[in-house]
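Results of the structural survey
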Amino acid sequence: MIKIKLVVPRKDYIKHAQERFEEFNLQEKIDSPEENVAFELEEVVIPTDKIRTTKLDADVIISRGLVTKLLKENNESIPIVDIPVQGIDLIRSLDECKKRFGRKKVAVIGAANMIYGVENLESIIDLPIQKYILDDITASDRTVDQAAEDGCEIVMSGLNTNKYAEQIGLQTMLIETGKESFRQALVEAKRLAIVSRKEQEKAKRYQTILDNAYEGVIAVDLQKRISVFNTSAQEILSITNRNLIGMSIEGILNKGKFLDLLLSGNDYQEEIVSYDSIQLSVKKAGIFLKGKRTGDMVAFQDVTGIQEMEGEIRKKIHLRGHVARYRFDDILYKSDLIGQTIETAQLYSEADSNILIVGETGTGKEMFAQSIHNYSERRKNPFVAINCAALPESLLESELFGYAEGAFTGAMKGGKQGFFELAHRGTLFLDEIGEVSPKLQSRLLRVLQEREIMRIGDDKVIPVDVRIIAATNKDLMDMVKNNEFRADLFYRLSVLDLQLPPLREHREDIPVLAEAFIKNSRLTEEAKERLKEEEWEGNVRQLQNFCERMTVLCKDRVIDVSEIEKHLPKSSVEAKIGRVYISERERIFMALEKHHYHKGKAASELGMSRTTFWRKLKKWDIETN
């Protein structure tokens, strides 16, 4: 609970302060529901002349004007927030003053931060205004007297100043704090309170971190007295005495190289030393204050523990990011064709055989591969993907199989795991498998046959349990016939075949996909029909890119067919069938002839609605009677 104290010279000096605070808290919960810091407000009435002698206990103090100034002079440890007197507050007060007393000269008296720029409001309010800066509460009476001499009939100021003004016969007006100003002060108070609390917590946090660090930490001053000896240091060195601060380090540590290192005047980046029966990895550094050495510290670990952790840490680092994000539920479709393809892929997921996914560019091969992995028994293990066309042969080989230390110039110290090792018990997705060189095809075949790999430059065999999902947009059987791809590798990879249809074969999915891809805009029915007519040689990827372009160009607008026509990369006057291009007019004639000029069936075959089909007939001046 963070305590805020509102310090005022009299009760209800800030009107409805508690109600406004509760309203603020309620709004904060709505705006930031994740915020779990609780606040409470307490109003404290302190006469101005008692401010300097009053001690306050709070996380943050809120006050106004001269009270703020006095509080800041006498409270160094508690953050203090000044309630600003905004222009709107002054305007409201001056307007009320004019309504109440008429067009009389007004003396506005207050701290500089309260009444800054008030003289500029004279023409706005149509009221004569004289400004008086009050920096010292003892000068309040003299300032009022001066205002009276200057012909001011009304004093607008704080409580004490107004009280004296009334005693000498002047009319008075209190500068009210508006709701906006009070809220602004609360926001700032909350911010400062949180910062202050965090600073207080920081020292405790450092001590807790030090005591719970994996490394042992010892610090000594120039007289070799202990200033830090954390819990890990005691555990690693088997020291049970808990009250070590201030004691001489020479009376605590056994004689040997570790103590000599700590006592020496040299720093060390990394040193392996013995202490009794254990090996320690030690770093030593001097402690400096303003360029002057004030002591030394050592941080050390038990080497045996480091070695045990290294394997687990390396494994976690390598596996980070090797996950499948997509599932079958993420695949958007309406057509039976894609539905049947998903059903087949789900059946394949339940088996553990290798899969070959074949499809044109942009048909979603990796999305299906990830979905198969997430539907399989291997879903809790890594999904590792590599594009075989993206890397040269030598680099692809080292990425797949890894290498031993010193295998070649520039090889990492300790060697490197390959993707087959990283995918152990999981799935390895080989995209663009048709681009793999004959030499690498032979190595892949051996892995699939023997279920084991050998790192480059190593003679050790490493068994691996990996399911292979390969993908290609090429006809691998043709490549086999042309001796461009090994037949034995092809049959190993294509135990299960999954054919992904191009978008032109399931045009009814185009509106579903387009609506998902287009953000902050809406497609008309005619626009959807027009998208269905386009060939989309790049399939879903090309459609997605087009929709993203439309999102940018037509943000927050309804996208009609004219917008689609305007921004298509090319018009649909030609469509690719096999390897021959024919015009849209010829396609319509072919469909009509095929279905004996039945317009409904011809439109269905072309993936058009009846309305669009009739529009095309009119466009191309096709007579069907």
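Given the structure is predicted, the values throughout are model-derived calculations rather than measurements.

The rules we used
Residues numbered from 1 in each chain as written. Predicted model: local features only at pLDDT ≥ 70, side-chain atom pairs only at ≥ 80, totals over all residues. Heavy atoms only, no water. Buried < 20%, exposed > 50% of the residue type's maximum accessible area, 1.4 Å probe, protein only. Helix = DSSP H or I, 4+ residues; strand = E, 2+ residues; numbered from the N terminus. Contact = heavy atoms within 4.5 Å. Core = buried A, V, L, I, M, F, W, Y, C linked by side-chain atoms within 4.5 Å. Phe/Tyr/Trp six-rings, centres within 6.5 Å; stacked < 30°, edge-to-face > 60°. Pairing = 2+ DSSP bridges. 1 Å grid on protein atoms, 1.4 Å probe; cavity = no way out; pocket = protein on both sides within 12 Å on 5 of 7 lines; lining within 4 Å. Points joined across faces, edges and corners; volume = space filled by probe spheres on them. Nonpolar A, V, L, I, M, F, W, Y, C, P; charged D, E, K, R; others polar. Axes fitted to C-alpha atoms, helices over the stretch in contact; angles between N-to-C directions.

A word on helix α14 (residues 393-401)
Every buried residue belonging to α14 is among Leu 396, Glu 397, Ser 398, Glu 399, Leu 400 and Phe 401, and all of these are buried. On its buried face, α14 is in contact with β15 (383-387), α15 (419-422), β16 (427-431), α16 (438-450) and β17 (452-454). Phi turns positive one or two residues past the end of α14, at Gly 402, with a value near 75°.

Considerations on the nonpolar core
Within the largest apolar cluster, 34 residues are counted, with the highest numbers of intra-cluster contacts made by Leu 400, Phe 420, Leu 428, Leu 430, Ile 433, Leu 444 and Phe 485. The biggest single contributor to this core is α16, with five residues. The residues touching Phe 420, leaving out its near neighbours within four places in the chain, are Leu 400, Phe 401, Leu 428, Leu 444, Val 447, Ile 453, Val 464, Val 466 and Ile 468. Counting 25 residues, the second-largest nonpolar core is a separate cluster that includes Val 7, Ala 58, Ala 107 and Leu 170.

What to know about the packing of aromatic side chains
Considering all chains together, one arrives at eight aromatic pairs under this definition. On the basis of an interplanar angle of 75° and a centroid distance of 5.4 Å, the ring pair of Phe 328 and Tyr 375 is categorised as edge-to-face. Taken together, the residues span a long stretch of sequence, with Phe 328 in the loop between α11 (303-319) and α12 (336-350) and Tyr 375 in helix α13 (residues 365-375) at a distance of 47 residues. You can call Phe 328 buried: its relative accessible area is 7%. The exposure class assigned to Tyr 375 is partly exposed, which follows from its relative accessible area of 38%. Ring centres of Phe 383 and Phe 429 lie 6.1 Å apart, and the angle between their planes is 20°; on these two criteria the pair is classed as stacked. Of this pair, Phe 383 sits in strand β15 while Phe 429 is found in strand β16, placing the two residues 46 residues apart along the sequence.

Here we look at the pairing of strand β5 (residues 106-110)
The buried fraction of β5 is high, at five of five residues. On β5, burial covers both faces: Val 106, Val 108 and Gly 110 on one face and Ala 107 and Ile 109 on the other are all buried. Pairing of β5 with strand β6 (residues 129-133) involves five bridges; the strand directions are parallel. Opposite Ala 107, over in β6, you have Gln 130 as the bridge partner.

Description of empty space enclosed by the protein
Overall, the coordinates contain one cavity of 30 Å³ or more when judged by the stated rule. Its boundaries defined by the atoms lining it, the largest cavity holds a volume of some 250 Å³. Taken together, 25 residues line the largest cavity, and the ones lying closest to its centre are Tyr 13, Leu 66, Val 67, Gly 158 and Leu 159. Among the elements of the structure, β1 (2-8), α2 (65-74), β5 and α7 (159-167) are those that each provide at least two residues to the lining of the largest cavity. Residues of the lining of the largest cavity, tallied by class, amount to 16 nonpolar, eight polar and one charged.

So, unusual backbone geometry
A positive phi angle, close to 55°, is found at Lys 290, a residue other than glycine. Its location among the elements puts Lys 290 in the loop between β12 (278-289) and β13 (292-302). In this structure, Arg 451 is a non-glycine residue whose phi angle is positive, near 55°. If you trace the backbone, Arg 451 turns up in the loop between α16 and β17.

Comments concerning the environment of Leu 6
As for its position among the elements, Leu 6 is in strand β1. Taking the C-alpha atoms as reference points, Leu 6 and Gln 441, separated by 435 residues in sequence, lie 78 Å from one another. Contacts of Leu 6, omitting those with residues within four sequence positions, involve Ile 14, Ala 17, Leu 41, Glu 42, Glu 43, Val 44, Ile 62, Ile 83 and Phe 182.

Side note on the sheet that holds strand β10 (residues 226-229)
Spatial ordering of the open sheet is given by β10-β9-β13-β12-β11, a layout of five strands whose pairing is antiparallel. With one partner strand each, in any of the chains shown, β10 and β11 (268-275) form the two edges of the open sheet. Neighbour-to-neighbour, the strand axes of the sheet open up by a mean angle of 25°, direction not taken into account. Bridging between β12 and β13 involves ten bridges; their strand directions are antiparallel.

Focus on α2
Each turn of an α-helix holds 3.6 residues, which means side chains three or four residues apart point in the same direction. Looking only at α2, the buried set comprises Gly 65, Leu 66, Val 67, Thr 68, Leu 70 and Leu 71. The elements touched by buried residues of α2 are β1, β3 (60-63), β4 (80-82) and α4 (112-115).

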